[in-house]
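# Descriptive analysis of the structure
Listed below, chain by chain, are the residues.
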Amino acid sequence: MDTPAIRLTGLRKSFGNVDAVAGVDLEIADGEFFSMLGPSGSGKTTVLRLIAGFELPTSGVVELAGADVTRKAPFERDVNTVFQDYALFPHMSVIDNVEYGLKIRKVGRRERRERAEAALATVRLEGYAQRKPGQLSGGQRQRVALARALVNRPKVLLLDEPLGALDLKLREEMQLELKHIQRQVGITFVFVTHDQQEALTMSDRIAVFNAGRIEQVGTPAEVYDQPGSAFVAGFVGTANVLRDDAARTVLGEDGCFAIRPEKIALESSPGDGSPGDGSPGDGSPGDGEQGDGLPDDGDVTATGRVVEAVYAGPTTRFVVQLDAGAQLVALRQNLRSSSADVQSYRDAPVTLRWRREHAIRLPA
Ligand SMILES: Nc1ncnc2c1ncn2[C@@H]1O[C@H](COP(=O)(O)OP(=O)(O)OP(=O)(O)O)[C@@H](O)[C@H]1O
């Protein structure tokens, strides 16, 4: 990596006896969309505040573009922060809100206006310059907050759960838009979220936080397909974790393994009263919705009974009690079946099948 936009070395922050950040080493490249993902209280916001300079670390070093800024005040750092609550001035118009930072920095009136208008165009709010924040929707307010940060042309933009206050639909729209804007402006984005789907959708790389430490850093595909720990496997997406006796009986191997529900095909056990007649399109397992094209060689199979079948529109989630003891969750795409088919699976005997390499070995 060239000189990283951000380098954190041995970063620690304690509040009394709480170790909010318990030793973080991290490099974020210039122009990256980098997400910090983790459960509530895992230290993500504190790391962001340490980068911004709102907190001083108990120990460790914060570097921006190769310069040690650990002891520098927030305004001496080339970063801007966008908060979840937007922090807009309610009595000021949209354009005045966006210009505010430039005014403080004594940028001339004309340049101020030009840059603020350009920033509003970037977030697609050209027609809203004279409105007050109270006359905007949540998503529009979020965009004003973004424009207000972008207008300063910072090297790094820190975003603390910026979409947290939006409803799901708007949130998904803004995810795509934020990613688009980041590509367009080429600024390094550091994005804090506890929403794994959001992190997977938007990021070049993700750091998964747990109890003040980073458990894993990687691209979305790396973190999802090769989780480095049971925690990561369980937090990023859903995972079946098999360990000890369960791993031995089901997989015939010692150790700890994760299998993603969507990697498990569900097939009916023939001639035992299982649902569907196996004819194509009846929605029954084995009708090719999942699992066809899988060679039998190298597959692992396990028999059991469906204890729960939950129809969720595009997918159905099955919980299967294996004869060998463990429970596994399998996720099926509803290519042809409907909710009516799903009912017939309750308590039905089934065979689960997955490729051996989809049981990912985790560190013990
Ligand atoms: N100013 C503070 N004083 C005392 N404890 C704090 C302070 N700020 C954070 N903490 C504690 O540090 C830990 C990490 O908090 P932090 O806000 O960084 O977590 P987070 O991962 O961002 O969580 P969330 O997703 O809920 O915002 C928590 O246990 C929190 O209670």
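Residues numbered from 1 in each chain as written. Predicted model: local features only at pLDDT ≥ 70, side-chain atom pairs only at ≥ 80, totals over all residues.

## Examining the UniProt feature "domain: ABC transporter" (unreviewed entry) in the protein
Following the UniProt record, the feature "domain: ABC transporter" (unreviewed entry) maps to residues 6–236 here. Taken as a whole, residues 6–236 contains 36% helix and 26% strand, while its terminal C-alpha atoms sit 24 Å from one another. (UniProt positions renumbered as here; feature names shortened; annotations may be inferred. Helix = DSSP H or I, 4+ residues; strand = E, 2+ residues; numbered from the N terminus.)

## Description of the pairing of strand 10 (residues 213–218)
By the bridge criterion, 5 bridges tie strand 9 (residues 205–210) to strand 10 in an arrangement that is antiparallel. Residue pairing for strand 10: Ile206 is matched across the bridge by Gly218. A loop of 2 residues connects strand 9 with strand 10, the two strands running antiparallel in sequence, and Ala211 in this loop sits at a positive phi of about 50°. (Pairing = 2+ DSSP bridges.)

## Some remarks on the nonpolar core
By size, the foremost hydrophobic cluster in this structure holds 87 residues, and its most contacted members are Ile51, Val98, Ala147, Val156, Val190 and Val208. For this core, the element with the most residues is helix 4 (residues 138–150), which contributes 6 residues. Split by domain, this core shows at least three residues from each of two domains, domain 1 (6–235) and domain 2 (240–362). With residues up to four places along the chain from it excluded, the contact list for Ala147 reads Val98, Ala119, Leu120, Thr122, Val123 and Leu125. (Core = buried A, V, L, I, M, F, W, Y, C linked by C-beta atoms within 7 Å. Buried ≥ 20, exposed ≤ 12 C-beta atoms within 10 Å, placed from the backbone. Domains from an automatic or database assignment. Contact = placed C-beta atoms within 7 Å.)

## Focus on the environment of Asp68
With respect to the element layout, Asp68 can be found in strand 5 (residues 67–68). For Asp68, a count of 12 C-beta atoms within 10 Å puts it in the exposed group. Not counting the four nearest positions on each side in its chain, Asp68 is found in contact with Val61 and Glu63.

## Side note on helix 1 (residues 44–52)
Here helix 1 lies mainly inside the structure; 8 of its 9 residues are buried. All of the buried residues along helix 1 are Lys44, Thr45, Thr46, Val47, Leu48, Arg49, Leu50 and Ile51. Once helix 1 ends, the next one or two residues include Gly53, with phi positive near 95°.

## Looking at the packing of helix 4 against helix 5 (residues 168–185)
Across the interface, helix 4 lies against helix 5 with an axial gap of 11 Å and an inter-helix angle of 20°. Judged by the inter-axis angle, helix 4 sits roughly parallel to helix 5. Judged by the twist between their axes, the crossing of helix 4 over helix 5 is right-handed. In contact with Gly138, Gly139, Gln142 and Leu150 of helix 4, helix 5 contributes Leu170, Met174 and Val185. When grouped by side-chain class, the residues that make up the contact of helix 4 with helix 5 number 4 nonpolar, 3 polar and no charged. (Axes fitted to C-alpha atoms, helices over the stretch in contact; angles between N-to-C directions. Parallel < 35°, antiparallel > 145°, perpendicular 65-115°, else oblique. Left-handed = near helix turned anticlockwise from the far one by under 90°. Nonpolar A, V, L, I, M, F, W, Y, C, P; charged D, E, K, R; others polar.)

## Quick notes on the site of the ligand
Within the structure, the ligand sits among Phe15, Val18, Ala20, Gly38, Ser40, Gly41, Ser42, Gly43, Lys44, Thr45, Thr46 and His194. Elements supplying a minimum of two residues to the shell around the ligand: strand 2 (18–28) and helix 1. Tallying contributions element by element places helix 1 first for the shell around the ligand, with 3 residues. In the shell around the ligand, the residues fall into 3 nonpolar, 8 polar and 1 charged. (Near = placed C-beta within 6 Å.)

## Quick look at the environment of Tyr345
Here Tyr345 shows up in the loop between helix 10 (339–343) and strand 17 (349–355). We classify Tyr345 as buried; it has 26 C-beta atoms within 10 Å. When the C-alpha positions of Tyr345 and Val306 are compared, they lie 6.5 Å apart, and in sequence the two are 39 residues distant.

## Here we look at the domain arrangement of the protein
Structurally, the protein comprises domain 1 (6–235) and domain 2 (240–362). Taking the mean C-alpha position of each, domain 1 and domain 2 sit 40 Å from one another.

## Description of unusual backbone geometry
Here Arg153, not a glycine, exhibits a phi torsion of approximately 50°, which is positive. Taking the C-beta count within 10 Å as the criterion, Arg153 has 13 such neighbours and is therefore assigned partly exposed. Non-glycine residue Asp244 carries a positive phi angle of around 50°. Relative to the assigned elements, Asp244 resides in helix 9 (residues 244–251). Residue Asp244 is classed as exposed on the basis of its C-beta count, with 11 C-beta atoms lying within 10 Å.

## Some words on the pairing of strand 12 (residues 256–259)
Taken together, the 4 bridges between strand 11 (residues 240–243) and strand 12 define a ladder with antiparallel strand orientation. If you follow Asn240 over to strand 12, its bridge partner there is Ile259.

## Topic: the sheet that holds strand 17
Read across the sheet, 5 strands follow the order 13-17-14-15-16 without closing on themselves; strand pairing throughout is antiparallel. The sheet terminates laterally at strand 13 (265–268) and strand 16 (327–333), the two strands that pair on one side only. Taken pair by pair, the neighbouring strands of this sheet meet at an average axis angle of 45°, ignoring direction. Sheet topology places strand 14 (residues 299–312) next to strand 17; 7 bridges connect them, and they run antiparallel. Bridged to Arg305 within strand 17 is Pro349.

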